[in-house]
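# Observations on chain architecture
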Amino acid sequence: MNTVVVIPARYGSTRLPAKPLRLIVGVPMVVRTARQAVASGFPVWVAFDDARIGALLEGEAAVQGILTRTDHENGTERLCEVVERLGWADDTIVVNVQGDEPLIPPELIEQVAHILAESSAPMAT
């Protein structure tokens, strides 16, 4: 099963400006979320629209970052840009973990990936 986790992270949140950078017990929210995703055992990518988010990820050895366009309407569009730019195969399972889920259980990510692998659904939310 070829599975990756992509975390869309948008700097320009209107309800909570700079949300990915917000500290939770001294660690930026997007970093906490990425660390939880890494614990799932799958490769983790953070798709970000601002260099300040990318700078936070530089010390996270198990996390890849990719700068995406700023004009996406939602996280799914940002994720699609990553899939297209990196040329992932059609059978790649991409688990979308939102950047504001710093407490997501890694087991939940694994469960979603396995359910998708066993399903004929091309996409699920």
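For the structure itself, look to the data block above.
A brief structural summary.

Turning next to unusual backbone geometry. Unusually for a residue other than glycine, A18 sits at a positive phi of about 60°. If you check the backbone angles, V25 has positive phi at about 50° while not being a glycine. Positionally, V25 belongs in the loop between β2 (23–24) and β3 (27–28).

What follows deals with the pairing of strand β5 (residues 63–67). Here strand β4 (residues 44–48) pairs with β5 via five bridges, running parallel. Counterpart to F48 in the pairing with β5 is L67. Each parallel crossover has a hand, and for β4 linked through helix α2 (residues 51–57) to β5 it is right-handed.

With that out of the way, let us pick up the packing of aromatic side chains. For the coordinates displayed, the defined rule picks out one aromatic pair. Ring geometry for W45 and W88: centres 6.1 Å apart, planes at 70°, overall edge-to-face. A residue pair is termed long-range when its members are at least 10 positions apart, and W45 in strand β4 and W88 in the loop between α3 (75–86) and β6 (93–96) qualify at 43 residues. With a relative accessible area of 18%, W88 lands in the buried category. A cation over a ring is seen here: R52 above Y11, with NZ or CZ 3.9 Å from the ring centre.

Between its terminal C-alpha atoms α3 stretches 17 Å, which fits the 16 Å expected from twelve residues at 1.5 Å a residue. Those residues of α3 lying buried are G75, R78, L79, E81 and V82. With its buried residues spanning 155° around the axis, α3 presents them on a single face. Next to the buried residues of α3 lie β1 (3–9), β4, β5 and β6. Two or three places before T76, at the start of α3, stands the capping residue N74, its side-chain oxygen 3.1 Å from that residue's backbone nitrogen. Looking at the residues trailing α3, positive phi occurs at G87, about 65°.

Parameters at a glance
- Residues numbered from 1 in each chain as written.
- Predicted model: local features only at pLDDT ≥ 70, side-chain atom pairs only at ≥ 80, totals over all residues.
- Heavy atoms only, no water.
- Helix = DSSP H or I, 4+ residues; strand = E, 2+ residues; numbered from the N terminus.
- Pairing = 2+ DSSP bridges.
- Right-handed = clockwise from strand over helix to strand, strands pointing away.
- Phe/Tyr/Trp six-rings, centres within 6.5 Å; stacked < 30°, edge-to-face > 60°.
- Buried < 20%, exposed > 50% of the residue type's maximum accessible area, 1.4 Å probe, protein only.
- Lys NZ or Arg CZ within 6 Å of the ring centre and 35° of its normal.
- Expected span 1.5 Å × (residues − 1).
- Arc of directions from axis to C-beta.
- Contact = heavy atoms within 4.5 Å.
- Polar contact = N/O pair within 3.5 Å; in protein donor to acceptor, adjacent residues only side chain to side chain.

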